[in-house]
Every structure is written in C-alpha cells, then in structure tokens.
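One letter stands for each residue in the lines below.
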Amino acid sequence: MVNFGKVLVSDQLEEWKEYYINYKMMKKKLKHYVQQTQNGGRNHEQVLKEFSRMLDDQIEKVVLFLLKQQGHLASRIEKLGEQRAMLTEQSDISQVSQVREAYRQVGLDLVKLLRFVDMNATGIRKILKKFDKRFGYRFTDYYVSTRANHPYSQLQPIFKQVGIVAVAGALTRNLASLQNHQGSFTSIYDHPSITLKDPVIEQINHSVQKLTHSTTFLKFLGQHALIVPEDVQTSSDDLVDDQSYHFMSLMLNLVNTFLYMVNTYIIVPTADDYSVSLGAAATVCGVIIGSMAVAQVFSSVYFSAWSNKSYFRPLVFSSIMLFSGNLLYALAYDLNSITVLILGRLLCGLGSARAVNRRYISDCVPLKIRLKASAGFVSASALGMACGPALAGLLQTEFKIYGVTFNQNTLPGWVMCLAWVVNLIWLWISFKEPDHIAKDNAANTQSSDSSRRRSDNLEDGLAQPLLTEENERRDENVQDDDDKEEDRKECHKPATSLAAAYRLLTPSVKVQLLIYFMLKFTMEILLSESSVVTSFYFNWSTGSVAIFLAVLGLTVLPVNIIVGSYITNLFEDRQILVASEIMVLIGIAASFHFTSSYSIPQYVTSAIITFVFAEVLEGVNLSLLSRVMSSRLSRGTYNGGLLSTEAGTLARVAADVTITAAGYLGQSQLLNATLVPSLVICLASIAATFGTYNSLY
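Residues numbered from 1 in each chain as written. Predicted model: local features only at pLDDT ≥ 70, side-chain atom pairs only at ≥ 80, totals over all residues. Heavy atoms only, no water.

Considering the confidence of the model for the chain
A low pLDDT means the predicted coordinates there should not be read in detail. Operational definition: Along the chain, pLDDT gives the predictor's confidence residue by residue, from 0 to 100. Any pair of residues with heavy atoms lying within 4.5 Å of one another is described as a contacting pair.
The pLDDT averaged across the chain works out to 78; a share of 75% of its residues lies at or above 70. Under a pLDDT of 50 for its full length, residues 451-492 has, in the predicted model, 38 contacts with residues more than four places off or in other chains.

The structure is reproduced here in structure tokens:
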C-alpha cells in the first residue's frame, strides 16, 4: 500500500512546498497523543483541543495561500479580458492566437492549483480518519460539521472550491469567446450542453469534477446498495484498471439482479389464488413467498464465500437453480402439490446471487464508474420489483399444451424458466472472469503442483506462509510503524466467521441493522398480504393488485433521486433517518382497520406513505451503516453487505411467517394482526435510534 506521506512529498510543487499541510508532523503528533493518553499524561478533551487547534492552523495556511493564488489568477484574467475587449474591434488572427495562448497558460496554472487543493484535501481527510481509528470515536464528523457550517468556515474553500470554480468559469467563457471570434458568440451559460473542445479546459473540468465529486446521487445509491463505502478510495488505491474491466460481465450481473427481483415479486399477485387452487388457505401465500427468503438466508453465505474464488461459476449455478425452481413452481399446478410449489420457491432462494452481484461491482469495476454501476444495481432492483407484479398482471390467460396447464398461476414460473435459460446462454457466451480471479486461481494451481513435488512433511507446509509474511514485513518497512499497525492489523484482517463479524458490531451498527430489519419486515407485510387484503376488503382482481404493486415499485427510483440529489444536501442523514422512521410509523398506524368500513383511499394512502418512506429510510440507513461499520467488514466473506442481506432476509421470513400464522385468525383479522408486530418493531427502532443518535453522522 502506497504511503500517502511519501506521495504528498513526491507530488508537491517545490515552489509551494511550505504551503502544503505538514502531514508527517501531524502523524507524529497523533502517535504522541496516543502514547500520552495511554500513560495518563493527557485526557481526551485536552488532546481534542490541541489536535483541533493544530489542524485549524494547517488548514488556515493552505486556505490563505489558495486565496492568494486565486487572486493572482483573477488579476491575470482581468488583464487578458481588457486585451480581448480590444480585439472585438479588429480581426488580427495572430493577436487572437496570442491572447488565447495566454488564457491557456492561466488554465495550466489553475490545474496546478487544483492539484494543490486535491492533495491537501486528501491529507486532511486521511489525518482525520487516522485520528478516529486511533481514539475509537468519530471526531471527523464533529470537526467537519463545526468547521464547514461556521459563517467563517475555512473548510469551504477547500472542499467546495467556490472561488476556483468561478475562475474556471471565467477561463472557459473567455476561451469560448475567442474560439468563436470569427463567428457567432455563443455563451456557455446560455448553452450549458455545449462543451468547449480545448485540452486545457478539459484538464480543468476533469480536475474540478474530481474535487467536487459531482456524483451525489450516484454515491447515495451506491451506499444504498452497500457497495460504495463512505470513505471512497482514491484512484491510486484502485486495483481495477480499464483494461481488465469487462462491460458485458457487469451487464450480466445487473441482468441477474433484475431477473431475481422480477422472480421474487412476479408471484405476489397470484400466490393466494395458487395456494387456494392446491387446497390450502389463501394466507399460505406467506409461506410460498417467504420460502424463497428462507433459502436466501443460507445461499447468501455460500455465494459470498464462493465469490472469493470465482464469479462465473456462482452465476451459472444461480441460473440453473432458478430455472429448476421455476420449473417446479409451474408444474406444481398439474401435480396438485403444495409441497412441490414450496420446494420450487426454496430452490429459487438457493439461487440468490445478489451477494455475488454486489461483490463484483465492488471489486471488479473501476473506481471512476463504480458509483454509476452501484446506481445501476439499485435501479435494476427497483425496476425488477416493479416489473414483476406488472408482468403478472399481463399473464391473465389459460390454455393447455400436451396436458400441461398454462394460466395466471403457472405462467410466472414458465416465463421465468425461459428468462433464466436465455440468461444462462448469454452468461456462458459473454461472461469473462476478472483478471485477479484468474491470476489467483493460476497461483493456487501452481502452488498446489509445487507442494506435491515437495515433501509431505507438515513442517514444509507451514514454512511457506512464514516466509511470505517475512517478505511482506520487509516490503512494508518503508512505511511508518503506525501505518503498519493500522493497515495490516486492523484494516486488512476481515472477519472470518459470523461470530467474528458480530463481535465487530458496535451499538450504532446494531441499531442500523435493527432499522433495516424493521423496514424490510414492514415492506414484506405490506407486499405479501396485499392480494389477500385487497380481495377481502375491496374485491380487487389479480390485475388490479398487479397494477397497485407495480406503481409502488415504480416509486423506488424517483424517491432515491429526490433523496440522493436534494434531501441529503439539506439535512443530516440522521435527521432524515428519524423523520423517515416516524413517517413509517404513521403509515403503519393509518393502515389499521379501526372502523366498520375500510376504504380504498385509506389503504392506498397508508400503503404509499409506508412504502415510500421505508424506501427513503432504506437508502439513508444503509448510507449510515456504511459509515459506522468497521472497515474490517468491508471485505471478505462475512462483510457488511452479507450482514445487511441476512438481516433483511430474516425480516422477510419473519414477516411471511407472521402472515401465515395470522391467517388462522381469519381473513377479517389478518390486517390488524400483522400490523401490530410492525408497529412494535418500528417503535423499538425509533427508541433505539434516539439512544444512539449522537453517534450517527
């Protein structure tokens, strides 16, 4: 791992050397603070004050120099503007060219300044992160919130770059004007879609985009999928280059995600009717829907482990299992067997490769497009969730071929069988195993052959890892002792079991997992019992239920756009979290059947409130989870994505079991009986949130 302190020294401009943050000094001070607090020489409050003052001084040094350089650039642009104004009355091509080159030279100096800001901003972020890890609490959130939101903020020029962007705008506008000197004068502000084809401007735009991170919505969706961690690594840390990245393999993972979500929800509108046609109660639909989630509890673990060695084989296995499961689901009608029906859904759950899809995007997609790929993962899930019920609504027909029945109950199974066969063929033809997987497999094969040639003595087998560790230690001697301790002992040792992962869960993480459990439980209750409830109270047809569920599913992406692009810029995540939990609570409470009559407006309105704010809650919840979760849970088999998947899957299982159990009370009592647990869990999650509120940033 490259030492940032060395990168800072090697990349800094010699003439600006004294104006960079003194990262090495701050790192030594931090180590000294740790020793003093351990020896009792200083308390944490004293350390916080002194460290804050030191960091304030460093930032002030950077900001004052930045403002000074911005002033120089602005002065040069102003003088060039006077020359450009004189050229409007004459058409001397040579003078136009000279002024244009002068503007470009200012642009190159601006690129240097942008690089200066980038290096310092990275150093500030890294030293704050290092402080958090050494002292065990999130000082970063306090420091940034108090400094960035202050009227006299000195962080704003570094992290918002308002002044620099204004200089970049002036340069772009004037160069565009000079480029059009012989023709019409098109303003970049009147036509923002027009891009100026100038190499210097392209460098500036690239640098500004890198600094401003103009992907707020995509980053929100990435964290929603728990793919992109809060502390996004820099490009120098990215292990996936453009040559090894394979677009079609990414597309196949997104297709797998989409088809799995379609497969999950395509049976919801007809599950109650299917169970009745096989001689079971309508509320057995909870078991039918939930059996897929039961199997997913186990499949998530082995798929997560399998993705350490391959991506192709798990995806092939997933397609085969889902084809087999849907085949049994479709044949259960003619076999008149509820057992075959449930077995088919269990096989579908065993084919859940969402852990593989997440892992592929996280590990095998270049950093510069990983946010877009993560957004694609969430979008594919949302689209599949909407398309499943909508597709079920279109399959309202009945016919037989060679004695095999095709109707609204069996057609979802047959359609998904065909879809998974096509997916399997496409996968076999187009998928490419990532280079690092292929290299690891080749290394393992070579190691295996080598070990067979060596003696079978156990001591020989133990010698190789010791030698490897010794080489690693020798290679890492270039880093400071504190870097080795932090990076190797803390960051690079993933949890090796569910028990080890659980021990890494802080109270804040446990509360976020509880919230995730609550929202998945509530959504599963709403979706899975919708066909039974609406047919009992409103006599809705399967088509009406399908339209209702499709409309709910279509709200997912617009809600994420609004939250990711706007709401998260106005409020803290923890504020949105609490507000969303309260709105979900209101939606649940409004769903209860209190009076003698139960109206469609009451049901639909309460369902939309519950579902929409549960979606808002999910995005913010997983974003917070990615921040408060240990870095050791960001990799390996037992990672944060697996833990959240397991929490959500267990919630779905519990919800479907609740629906089936409540069915014994009769359909008239089903709604209220299933809403009571949702209400209790929601109240518990709100109470737990307030208990850990100050630790959530």
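Having seen the model, we can carry on.
Structural notes on the packing of helix α26 (residues 573-591) against helix α29 (residues 667-691)
Packed helices, taken two at a time, are described by the angle their axes make and the gap between the axes. So the rule is basically this: All axes here are fitted lines through C-alpha atoms, helices being fitted over the stretch that makes contact, and every angle between N-to-C directions spans 0 to 180 degrees. Runs of E in the DSSP output that reach at least two residues are strands. Runs of H or I that reach at least four are helices, and both are numbered from the N terminus. These descriptions rest on fixed angle ranges, namely under 35 degrees for roughly parallel, over 145 for roughly antiparallel, 65 to 115 for roughly perpendicular, and the rest for oblique. Crossing chirality is assigned from the near helix's rotation relative to the far helix, an anticlockwise turn below a right angle marking it left-handed and a clockwise turn marking it right-handed.
Contact pair α26 / α29: the axes reach a minimum separation of 9 Å and the direction vectors enclose 160 degrees. One element, α26, and the other, α29, form an angle in the roughly antiparallel class. Considering the relative orientation of α26 and α29, their crossing is left-handed. Taken together, the residues of α29 that come into contact with α26 (itself represented by Leu-577, Val-578, Glu-581, Ile-582, Val-584, Leu-585, Ile-588 and Ser-591) are Leu-671, Leu-675, Ser-678, Leu-679, Cys-682, Leu-683, Ser-685, Ile-686, Thr-689 and Phe-690.

Focus: empty space enclosed by the protein
Heads up, the condition is: In this analysis the probe radius is 1.4 Å and the grid spacing 1 Å, with only protein atoms considered; a cavity is a set of points the probe fits into but cannot get out of, a pocket is an open set with protein on both sides within 12 Å along at least five of seven lines, and lining residues have an atom within 4 Å of a point. Grid points are joined across faces, edges and corners, and a volume is the space filled by probe spheres set on the points. Residue polarity follows a fixed list, in which Ala, Val, Leu, Ile, Met, Phe, Trp, Tyr, Cys and Pro are nonpolar, Asp, Glu, Lys and Arg are charged, and the others, Gly among them, are polar.
Summed over the entire model, instances satisfying the criterion amount to 4 cavities of 30 Å³ or more. One number sums up the size of the largest cavity: a volume of about 460 Å³. Around the largest cavity sit 27 residues that line it, and Met-261, Arg-354, Tyr-516, Lys-520 and Glu-618 are the ones nearest its centre. Among the secondary structure elements, those contributing two or more residues to the lining of the largest cavity are α10 (247-265), α15 (354-364), α16 (367-394), α22 (507-528), α27 (600-628) and α28 (640-662). Within this model, the second largest cavity holds a volume of roughly 120 Å³. In this structure, the second largest cavity is lined by 13 residues; those nearest its centre are Ile-525, Leu-526, Glu-529, Ser-591 and Leu-675. Of all the secondary-structure elements, those providing two or more residues to the lining of the second largest cavity are α22, α26, α27 and α29. Broken down by element, the residue count for the lining of the second largest cavity peaks at 4 residues, all from α27. Looking at the lining of the second largest cavity residue by residue, the classes come out as 7 nonpolar, 5 polar and 1 charged.

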